[in-house]
Structures are given as structure tokens and as C-alpha cells.
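This is what each chain is made of:
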Amino acid sequence: MNAEGRPTVYIETYGCQMNVSDSELMYGHLEAVGYTPVGGPDGADVILVNTCAIRDHAEQRVLGRLGELKRFMGRNTVLGVTGCMAQRLGPALLERARHVQLVVGPDGYRALPALIEGARKGERATKVEFDLEEHYEDFQARRFDGVRAWIPVQRGCDYKCTYCIVPMTRGAERSRTLADVEREACTVAEQGITEITLLGQTVNSYHDGAHDFADLLRSVGRTPGIRRLRFTSPHPNDFTDRAIAAMAETPAVCEHVHLPMQSGSSRTLKRMLRRYTRETYFECVERIRAAIPGVALTTDIIVGFPGETDDEFEETLSAVREIGFDDAFTFRFSLRDGTPATRLPAHLTVPDDVAADRLDRLVSLVRDGTRARNLSMLGTRHEVLIEKTARRGGLLQGRTRHHRTVLVQGEESLMGKYFTVELTGTTGSTFTGAIASAGHALPLAG
Ligand code: 5AD
Ligand code: SF4
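The structure displayed is predicted, hence computed values, not measured ones. (Residues numbered from 1 in each chain as written. Chains lettered and ligands numbered in written order. Predicted model: local features only at pLDDT ≥ 70, side-chain atom pairs only at ≥ 80, totals over all residues. Heavy atoms only, no water.)

Caption draft 1: Expanded view of the site of ligand 1. By nearness alone, every residue bordering ligand 1 is listed as Ile54, Arg55, Tyr163, Gln262, Asp300, Ile302, Phe331, Arg332, Phe333, Ser334 and Arg336. Within the side chain of Arg55, one N or O atom sits 3.0 Å away from an oxygen atom of ligand 1. Bound to the protein, ligand 1 loses 87% of the 400 Å² it would expose on its own. The set of elements that each furnish at least two residues to the shell around ligand 1 consists of β13 (296–303) and β14 (327–332). (Near = heavy atom within 4 Å. Polar contact = N/O pair within 3.5 Å; in protein donor to acceptor, adjacent residues only side chain to side chain. Areas by Shrake-Rupley, 256 points an atom, 1.4 Å probe, with all protein chains shown as cover. Helix = DSSP H or I, 4+ residues; strand = E, 2+ residues; numbered from the N terminus.)

Caption draft 2: Looking closely at unusual backbone geometry. Thr232 connects to Ser233 through a cis peptide bond whose omega is -10°. Even without being a glycine, Tyr136 presents a positive backbone phi close to 55°. Turning to its location among the elements, Tyr136 is positioned in the loop between β6 (125–127) and β7 (148–152). Here Gln262, not a glycine, exhibits a phi torsion of approximately 70°, which is positive.

Caption draft 3: Expanded view of the nonpolar core. Ile196, Leu198, Leu216, Leu217, Phe231, Phe239 and Ile288 are the most contacted members of the largest nonpolar core, which totals 63 residues. Among all residues touching Ile196, those that are not within four sequence positions of it are Ala149, Ile151, Ala185, Val188, Val220, Ile226, Arg228, Leu229 and Arg230. If you look at the next biggest cluster of nonpolar residues, it comprises 44 residues, including Leu63, Leu94, Ala119 and Tyr136. (Core = buried A, V, L, I, M, F, W, Y, C linked by side-chain atoms within 4.5 Å. Buried < 20%, exposed > 50% of the residue type's maximum accessible area, 1.4 Å probe, protein only. Contact = heavy atoms within 4.5 Å.)

Caption draft 4: Region of interest: the sheet that holds strand β5 (residues 102–104). The six strands are arranged β2-β1-β3-β4-β5-β6 in an open sheet whose pairing can be described as parallel. Edge positions in the sheet fall to β2 (36–37) and β6, since each has one partner strand and no second. Pairing of strand β4 (residues 78–83) with β5, which is carried by three bridges, proceeds in the parallel orientation. Bridge pairing links Gly80 to Leu102 in β5. Set on the sheet, helix α1 (residues 17–32) makes contact with β1 (8–13), β2, β3 (46–51) and β4; between it and β1 the angle comes to about 175°. Lying on the sheet, helix α2 (residues 56–69) is in contact with β1, β3 and β4; it crosses β3 at an angle near 170°. (Pairing = 2+ DSSP bridges. Axes fitted to C-alpha atoms, helices over the stretch in contact; angles between N-to-C directions.)

Caption draft 5: The environment of Arg361, seen in detail. In this structure, Arg361 sits in helix α13 (residues 352–376). We classify Arg361 as partly exposed; its relative accessible area is 38%. Through-space distance from the C-alpha of Arg361 to that of Glu95 is 41 Å; in sequence the pair is 266 residues apart.

Caption draft 6: View of the pattern of salt bridges. The full count for this structure, using the stated rule, is 40 salt bridges. Across the salt bridge formed by Arg218 and Glu249, the nearest N and O atoms sit 3.0 Å from each other. Here Glu249 lies in helix α9 (residues 241–249) and Arg218 lies in helix α8 (residues 213–221), a separation of 31 residues in the sequence. Two residues, Asp326 and Arg404, come together in a salt bridge whose shortest N-O distance is 2.5 Å. Of this pair, Asp326 sits in the loop between α12 (310–323) and β14 while Arg404 is found in the loop between β16 (395–400) and β17 (405–409), placing the two residues 78 residues apart along the sequence. Comparing Asp326 with Arg404, the two get one shared label, buried. (Salt bridge = Lys/Arg side-chain N within 4 Å of Asp/Glu carboxyl O.)

Caption draft 7: Broad picture of the packing of α8 against α9. Two elements in contact, α8 and α9, have axes separated by 8 Å at closest approach and are oriented at 15°. With respect to α9, the axis of α8 lies roughly parallel. Of the two elements, α8 crosses α9, and the hand of that crossing is left-handed. In this structure, α8 uses Phe213, Ala214, Asp215, Leu217 and Arg218 to contact α9, whose residues at the interface are Arg242, Ala243, Ala245, Ala246, Met247 and Glu249. Class assignment for the residues of the contact of α8 with α9 results in seven nonpolar, no polar and four charged. (Parallel < 35°, antiparallel > 145°, perpendicular 65-115°, else oblique. Left-handed = near helix turned anticlockwise from the far one by under 90°. Nonpolar A, V, L, I, M, F, W, Y, C, P; charged D, E, K, R; others polar.)

Keep in mind that these numbers describe shape and distance, not what the molecule does.
Okay, here's the thing in C-alpha cells:
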């Protein structure tokens with residue numbers, strides 16, 4: 001209980017932005033029925049761990065953390081597990097962790113207040129049914145970031161990439177209506193937020209029956225006060241010319257695309273059921289680059305997918321070199337129970353040491369590319385939005401439109417403001433910069 005005698009809730013979030021956004025929805029929903037959000041587990045009446053299932057490592061971390069959380073729990077503390085791992089493991093999680101009382105999947109958050117009440121009376125419950133109608137439209141997301149907002153536009157995924165657990169943890173794809181997204185965009189803009197990131201598992205396949213992703217970008221991009229619009233993550237196959245034109249013609253849309261490639265080998269991509277080839281991925285990159293000169297491109301890559309030969313891996317390296325990504329998230333393949341990849345013949349498994357070696361080589365290639373590109377940017381000036389205080393000594397952290405992180409010196413009062421910043425140093429991945437002037441040349445927000 002807090003000082004006013006209201007019960008408190010702490011949500012710890014793992015995984016992707018969609019989970020961060022879901023935690024905001026859960027906080028909002030619980031606040032509306034009388035709970036007060038708190039910043040840590042110590043003394044909280046309700047602790048929820050919002051989990052990710054994408055790789056085994058993500059789940060192991062959560063299992064470890066559930067053990068640690070025991071020491072923060074009093075006699076009446078309710079501990080619940082939500083999100084993708086809850087959906088994947090269901091009641092088995094209650095068996096495995098005896099101090100967990102609730103297991104609630106991504107479509108079950110509406111039931112949380114009732115389930116928590118039950119748990120306080122000693123019940124243990126699992127809720128993992130999918131609900132294709134559920135968008136939590138009546139929830140007021142509780143946002144803790146006053147500068148940027150993440151707005152989900154779609155839930156679930158209809159692609160069936162063979163490595164991926166998401167279709168199993170988040171169910172079939174469904175889009176919110178354009179009107180609902182517009183309304184939320186206006187709400188956050190009225191709160192003084194100037195940057196929006198639209199979220200979806202394959203965000204550019206957005207379709208509400210009447211409007212597609214191009215309509216969505218144009219419409220959210222027109223929201224008064226919204227100066228930067230981002231989206232994550234698109235699928236290469238859903239980049240229509242209409243969508244690319246909407247990106248190019250909507251001034252708020254930032255010059256950065258995170259375009260998961262997964263592999264640079266058409267043969268590997270086929271086993272992954274990505275539905276594109278090396279060549280069509282390259283074409284997609286070309287179309288985006290032609291429409292948006294200087295666009296920053298980042299990607300996700302998996303190494304060690306079953307059957308990946310040395311040659312196929314070399315094709316991934318050459319794709320990284322040829323495209324020249326601004327950055328990449330790189331992962332070692334993790335076999336997830338229930339995914340189609342489990343049905344690939346066992347002899348295709350890439351040995352751990354081979355996969356580890358490939359990951360090392362890929363990471364250094366990506367890092368060298370990022371460093372070289374970043375070094376060449378020193379001395380140039382960019383519009384930076386100051387987002388938060390940096391972890392390092394008294395600095396503020398912001399981003400360019402191209403999604404580069406820049407640390408600058410300044411007072412906290414600069415938070416949420418736009419400046420022209422000269423890039424003065426780089427660690428290879430992030431920059432330090434000096435504020436040259438307030439960004440008055442551009443239309444001010446609000
Ligand atoms: N193993 C390793 N990486 C994975 N990803 C998704 N599933 C797996 C898996 N089973 C990666 C993909 C995806 C990113 C979010 O996580 O690269 O784009
Ligand atoms: Fe997000 Fe996928 Fe992890 Fe679920 S499994 S939290 S959708 S990254």
C-alpha cells in the first residue's frame with residue numbers, strides 16, 4: 001500500500017517495444033481501478049513480470065529473475081507473469097514456479113484486476129486464450145516517457161517464419177482502426193509528446209479494412225504537434241510503392257528504416273520461410289534508398305539457422321558489406337519448441353561453436369561498418385531531440401532523425417526539445433555532440 005492506502009503495482013518489462021507498450025496499457029488499466037504504479041518491486045502489492053519468449057536466453061533470464069523476486073515478496077504480495085513466455089508456457093509455469101500466482105498472455109490483460117483479486121484470496125490462475133477482437137481500445141496507456149510515445153497499430157503476426165515463436169505467443173494479425181490510432185496520436189500530442197513510433201510485428205502490413213500503411217503514415221504524420229514519426233518493424237514484402245511514397249512525402253517520417261533481413265542467403269531465407277530472396281531484399285533497399293536519399297538502414301540478422309552452410313553465411317557477410325547497414329542486431333539462432341524449425345532434420349543443426357564463431361565474425365563486420373560510417377560523420381550537424389538523461393555522468397541523451405544516439409551536455413530542462421547538434425566525438429556506435437543552436441529553422445512543435 002502507498003501512503004494513501006492504495007495498493008501498488010510494479011511491472012518489470014522484458015523483450016520488445018510491443019511489450020513496453022503492453023506494460024503501459026496494463027499500468028493504465030490497473031491505475032484506473034485503484035492501483036498506484038511504483039518504480040520497483042520492493043514493497044509492491046502486485047508484481048508483474050512482462051516477458052519475452054523469442055530466444056531461450058530471454059526465458060532463462062526471466063526464470064532467474066522470478067527466483068530473485070521472492071525476496072521482495074511479503075505474505076500478501078501477488079506475483080504474476082504476463083506476455084509471450086506466459087502465453088507459451090501457460091499452466092506449466094505455475095507448476096515450475098510455485099510462488100507465481102498468475103500467468104496471463106498478451107490478450108488477457110483486461111482480466112488482470114479480477115485475476116489479481118482472486119490471487120489475493122489465494123487462487124492461482126492461467127489466462128492464455130487469444131482474443132482477435134482485443135485492442136484494449138478503452139485502456140488509457142500510462143506513459144512514463146514524456147518525450148516519445150509508442151503506439152501499437154497491430155497485434156499478432158500472420159507470417160510463419162520457421163524460427164519464430166511470435167505467431168504462437170501473440171496469435172493472428174489484426175489491425176486497429178485508423179480512427180483509433182489517430183485518436184491516440186492526438187492524445188499524446190496534446191500531452192506535449194512530439195515523437196511517435198508505430199508498433200506492429202509486421203507493421204507495414206497494417207490494414208484496417210479500409211486503410212493501409214501508407215494511409216496510416218500520412219494520417220498520423222499530419223497530427224498537429226507530431227514532429228517525428230517512426231515505425232517498427234516492417235517486413236520487406238509489405239513495402240509497397242504507396243508505402244514508400246508516403247514515407248518520402250510525409251515530412252514527419254524519419255529517415256530511418258529498421259528492415260529485418262535475417263539472412264543474406266536466398267537458400268537460408270527459403271528455409272526460414274521469409275518469402276523473399278537476397279535479390280528482392282536488395283531491391284526493396286534500393287527502392288527505399290531511391291525515394292529517401294540518405295536514409296539510415298538497420299537490420300536484424302540470425303546466424304546458425306539449421307542448414308546454414310559456410311557459403312550461405314558468407315552470403316550474409318557479403319550482404320552486410322554491400323548494403324552497408326548503419327547498424328544491426330545480431331542473434332544466434334535459438335530453437336523454440338513448437339516452431340516449424342523443430343521439424344527440420346536434426347543433421348541440419350549448426351554446431352554451437354560454429355554458430356558462435358559466425359556471430360563473432362558478423363558482429364565485428366557490423367561494428368567496423370558502423371564505426372567507419374560514424375567517424376565520417378564527425379563535424380556534421382544534425383537535428384537532435386533530447387530524450388532522457390544518459391546513464392553516463394550528467395549528460396543528456398538524444399537522437400538524430402536517422403536514429404543515431406548523441407550525448408550532449410545540458411540541463412534537464414532541455415528534455416523534449418530539438419536542437420541542432422554538431423557531432424564532436426564517437427565511441428564507434430554512439431556520439432557526443434555540442435549544441436550549436438535551437439532547431440528554430442524547423443517548425444516548432446505544438
Ligand atoms: N532465434 C534467434 N533469433 C530470433 N529472432 C526471432 N526468433 C529468433 C530465434 N528463434 C530474432 C529475429 C527478429 C528479432 C526480433 O529476433 O532477428 O527479427
Ligand atoms: Fe516481443 Fe516477440 Fe519477445 Fe513477444 S516474443 S516480447 S513479440 S520480441
